[in-house]
Amino acid sequence: MTSQAGTEPRPTSAGFAALALIAVSVLLTMTIGLLGPSAMVPGLPGPAWQPPYSLDVHPAPHLVVALGALAIVVGGLGLFWALGSRAIPSARFTRGLVMAGCVAAAVLAFLPPSGSADHLNYAAYGRMVTLGLDPYAHGAVDLPGDPVAAAVEQPWREEPSVYGPVATAVQALTSWIGGDSVRLTIFVLALVNAAAFIATGLLLDRFTRADPALRWRAALLWTANPLLLYQLVAGLHVDTLAIAFMVAALVLNGTATTGVMLGLGVAVKLNAGLVALGPAWELRRRPKRLALVAGTALAVAGAGYLWAGGHAFDQVSRAGKAISLASFWRLVQGGLQAVVGTGSAYRGEIQVGAFVVMALLAWALFRLWRPPADAVRVAAVLVVAYVFATPYILPWYDGLAFALVAMLAASGVELFLVGHLTMLSLAYLPARVEAQPDDLAWLTTVVRAQVVPWLLLALTAGLGWWAWRAGARARTRPE
């Protein structure tokens with residue numbers, strides 16, 4: 001973008017319009033929480049003077065679901081538009097956008113979480129630890145009469161924890177602070193979650209500050225990303241903490257520090273361990289440093305899982321064979337059952353197929369991002385391939401891919417990610433079972449189970465084809 005002497009670059013009128021759409025999306029997300037308990041916002045028992053705060057309006061289900069859909073669509077369009085603009089604003093403007101995203105995350109921490117009820121599970125698992133119960137062997141139903149466990153919604157009351165020991169330790173700490181109060185426990189969880197989101201944004205800003213274009217993209221893809229603010233911050237998902245550790249491992253880039261951060265990230269969620277393959281690849285010709293990083297990571301993660309006990313892997317093993325309703329692998333499963341027979345769920349065959357698709361996507365993306373194959377590029381390739389190919393995918397899983405792609409120059413992959421997260425967010429609108437009116441059941445039976453799987457299948461095939469073609473052009477282009 002050109003500018004007159006003495007003036008700083010600013011977004012074009014189209015850029016301002018895109019940022020306006022992003023701002024509207026974030027305000028809609030805040031409005032959903034501010035209105036209080038609804039089909040999108042689980043109620044939080046406890047004194048009204050305790051945070052988080054809302055107007056306690058109890059809006060109609062159709063209104064808040066419509067607000068959620070509008071926030072997702074408007075946010076996706078604004079983000080797509082802003083990323084497609086070639087105008088690069090000044091460093092001051094970019095810093096302002098980063099700060100605006102940080103402020104939005106902080107404000108959302110003071111509003112009731114929305115979109116799903118996972119945070120109630122987190123509170124119950126932490127409560128179990130403080131009461132001497134193993135959250136990896138028990139569900140909320142095993143704490144009858146407990147005020148925190150009673151808030152957990154169906155169908156998760158019988159489910160033990162699937163999260164790593166660091167996540168459980170954080171949940172236990174927040175439960176110890178919150179005590180019998182669901183509201184206060186959730187608020188402390190929200191503060192930790194918002195702090196992890198903000199820390200990730202600041203780390204990405206530090207990593208990209210030498211390149212104005214890259215810094216601007218990082219602000220859009222993470223800190224001011226309305227879809228991530230909707231899913232990770234307003235939704236209060238533990239994935240945010242795992243992402244913060246993994247980004248820190250790549251940005252801080254010290255041997256011992258990288259190992260510690262990788263170990264902590266894996267001890268939040270196991271699938272975040274894909275990032276560890278990036279530093280492993282970069283250090284493959286430096287065996288001593290590789291051994292130190294790997295040994296440190298294994299020691300940190302191993303100590304956590306040793307504390308958690310043998311049951312920590314039980315639910316992870318079972319969940320690893322699941323197929324989410326919006327995944328295009330549901331279509332494959334249905335096709336196999338129609339042709340071969342319904343006597344099997346074909347989970348083993350689908351796991352093999354998913355690995356093949358992931359390998360093909362990774363191959364195409366490596367061709368696109370080939371020079372140089374450093375830690376960030378390798379990690380980004382594997383995580384992007386994973387979120388597009390895995391049979392079990394939820395919207396907030398995309399957060400790790402966004403954080404890693406934000407560390408790379410524009411390639412077009414980020415636009416596929418925006419489409420992926422927008423579709424998944426609409427599929428899981430809202431990601432709750434309780435308090436949903438019967439006349440909105442089509443959101444699950446039609447949108448989530450039928451429409452979005454086909455859209456994701458087309459998007460995944462499109463990503464593979466486009467990345468292969470773009471990689472081929474990059475390899476033949478004269479230097």
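Provided above is the structure to which this section pertains.
### Comments concerning the side chain of serine 411
Summarising the element assignment, serine 411 is placed in the loop between α17 (398-405) and α18 (413-427). Among the polar contacts made by the side chain of serine 411, one reaches the main-chain amide nitrogen of valine 413 at a distance of 3.3 Å. In this structure, serine 411 is in contact with Leu368, Trp369 and Trp466, ignoring residues within four places of it in sequence.

### Structural notes on the pattern of salt bridges
Summed over the entire model, instances satisfying the criterion amount to seven salt bridges. Between aspartate 205 and arginine 215 there is a salt bridge, with its nearest N and O atoms 2.7 Å apart. A residue pair is termed long-range when its members are at least 10 positions apart, and aspartate 205 in helix α6 (residues 182-208) and arginine 215 in helix α7 (residues 212-223) qualify at 10 residues. Residue aspartate 205 is classed as buried on the basis of its relative accessible area, which comes to 14%. Since its relative accessible area comes to 11%, arginine 215 is described here as buried. One connected set of salt bridges, linked through shared partners, spans Arg127, Asp146 and Asp180.

### Regarding the packing of aromatic side chains
According to the stated counting rule, one finds 11 aromatic pairs in the structure shown. Within the aromatic cluster, the residues linked to one another by ring pairs are Phe16, Phe93 and Trp216. Taking NZ or CZ as reference, arginine 284 lies 3.9 Å from the ring centre of tryptophan 281, over its face. The cationic tip of arginine 367 hangs over the ring face of tryptophan 468; the distance from NZ or CZ to the ring centre is 3.7 Å.

### A short note on empty space enclosed by the protein
Evaluation of the coordinates by the stated rule reveals six cavities of 30 Å³ or more. Estimated volume of the largest cavity: approximately 130 Å³. In terms of lining, the largest cavity is formed by 13 residues, of which the most central are Asp239, Asn271, Ala272, Tyr397 and Leu400. Listing elements by their share of the lining of the largest cavity, those giving two or more residues are α9 (239-252) and α16 (375-389). Its residues assigned to classes, the lining of the largest cavity shows 10 nonpolar, one polar and two charged. Estimated volume of the second largest cavity: approximately 110 Å³. In terms of lining residues, the second largest cavity is bounded by 13 residues, among which Val170, Leu189, Val192, Val238 and Leu241 are the most central.

### Description of the side chain of serine 425
Here serine 425 shows up in helix α18. If near-sequence neighbours (up to four positions away) are discounted, serine 425 is found in contact with Ile72, Gln231 and Pro395.

### Regarding the packing of α16 against α18
Packing of α16 against α18 brings their axes to within 12 Å, and their N-to-C directions diverge by 30°. Classed by the angle they form, the pair α16 and α18 counts as roughly parallel. Seen from above, α16 lies across α18 with left-handed handedness. Counting all contacts with α16, which are made through Val384, Val387 and Phe388, the residues of α18 involved are Val413, Phe416, Leu417 and His420. Across the contact of α16 with α18, the residue classes tally to six nonpolar, one polar and no charged.

### Details of the layout of surface pockets
Reported here for the second largest pocket is a volume of approximately 260 Å³. Residue lining of the second largest pocket: 16 residues in total, with Leu83, Ser85, Arg217, Ala410 and Glu414 positioned closest to the centre. Take the lining of the second largest pocket: its biggest share by element is five residues, from α7. Partitioning the lining of the second largest pocket into residue classes produces 10 nonpolar, two polar and four charged.

### Section: the nonpolar core
Generally speaking, soluble globular proteins have nonpolar side chains that are buried together. Within the largest apolar cluster, 152 residues are counted, with the highest numbers of intra-cluster contacts made by Leu220, Val275, Val384, Phe388 and Leu404. In contact with valine 275, other than residues within four places in its own chain, are Met246, Leu250, Leu262, Ala379, Val383, Leu400 and Leu404.

### A look at the packing of helix α14 (residues 329-339) against helix α15 (residues 347-368)
Their axes nearest at 11 Å, the elements α14 and α15 cross at an angle of 135°. The angle between α14 and α15 places the two elements in the oblique class. Between α14 and α15 the crossing geometry is right-handed. Residues Trp329, Val332 and Gln333 of α14 form the contact with α15, whose own contacting residues are Ile350, Gly353, Ala354 and Val357. Classifying every residue of the contact of α14 with α15 gives five nonpolar, two polar and no charged.

### Points about α17
A large share of α17 lies buried, amounting to eight of its eight residues. Inspection of α17 places Asp398, Gly399, Leu400, Ala401, Phe402, Ala403, Leu404 and Val405 among the buried residues, and these make up the whole buried set. Against α6, α7, α8 (226-233), α9, α16 and α18 lie the buried residues of α17.

### Some thoughts on unusual backbone geometry
In this structure, the amide linkage connecting proline 51 to the following residue, proline 52, adopts the cis form with an omega of 0°. Within the secondary structure layout, proline 52 lies in the loop between α1 (13-35) and α2 (61-84). A positive phi angle, close to 55°, is found at histidine 58, a residue other than glycine. Take histidine 58: it is sitting in the loop between α1 and α2. Look at leucine 236: it is not a glycine, yet its phi comes out positive at around 50°. Considering the arrangement of structural elements, one finds leucine 236 in the loop between α8 and α9. We classify leucine 236 as buried; its relative accessible area is 3%.

Cut-offs and rules
Here the residue index of a chain counts from 1 through its sequence in written order. Note on the predicted model: pLDDT of at least 70 is required for a residue's local features to be given, and 80 or more for side-chain atom pairs to be given and counted; whole-chain, interface and lining totals, by contrast, use all residues. Note: side-chain values were computed over all heavy atoms of the structure, leaving out hydrogens and water. Numbering goes from the N terminus for both helices and strands, where a helix is a DSSP run of H or I of at least four residues and a strand is a run of E of at least two. We define a polar contact as two N or O atoms separated by no more than 3.5 Å, with the added condition that, inside protein, one atom must be a possible hydrogen donor and the other a possible acceptor, whereas residues neighbouring each other in sequence contribute only through side-chain atom pairs. It only takes one pair of heavy atoms within 4.5 Å for two residues to be counted as in contact. Counted as salt bridges are all cases of a side-chain nitrogen of Lys or Arg within 4 Å of a carboxyl oxygen of Asp or Glu. Working definition: with a 1.4 Å probe on protein chains only, accessible area under 20% of the residue-type maximum means buried, over 50% means exposed, and in between means partly exposed. Each aromatic pair joins two rings of Phe, Tyr and Trp (for Trp, the six-membered one) with centres within 6.5 Å, and gets the label stacked for planes under 30 degrees apart, edge-to-face for over 60, and tilted for any other angle. Each ring is checked for a lysine NZ or an arginine CZ that lies within 6 Å of its centre and within 35 degrees of its normal; such an atom marks a charge sitting over the ring. Cavity: a set of points on a 1 Å grid over the protein atoms alone where a 1.4 Å probe fits but cannot get out. Pocket: an open set with protein on both sides within 12 Å along at least five of seven lines, its lining residues, like those of a cavity, having an atom within 4 Å of a point. Grid points are joined across faces, edges and corners, and a volume is the space filled by probe spheres set on the points. In this classification, Asp, Glu, Lys and Arg are treated as charged, Ala, Val, Leu, Ile, Met, Phe, Trp, Tyr, Cys and Pro as nonpolar, and every other residue, Gly included, as polar. Lines fitted to C-alpha atoms define the axes here, with helix axes fitted over just the stretch in contact, and angles between the N-to-C directions of these axes take values from 0 to 180 degrees. For classification purposes, angles smaller than 35 degrees are called roughly parallel, those larger than 145 roughly antiparallel, those between 65 and 115 roughly perpendicular, and all remaining angles oblique. Definitions for this section: a left-handed crossing has its near helix turned counterclockwise from the far helix by less than a right angle. A right-handed crossing has that turn clockwise. Working definition of a nonpolar core: buried Ala, Val, Leu, Ile, Met, Phe, Trp, Tyr and Cys residues. They are joined through side-chain atoms within 4.5 Å.

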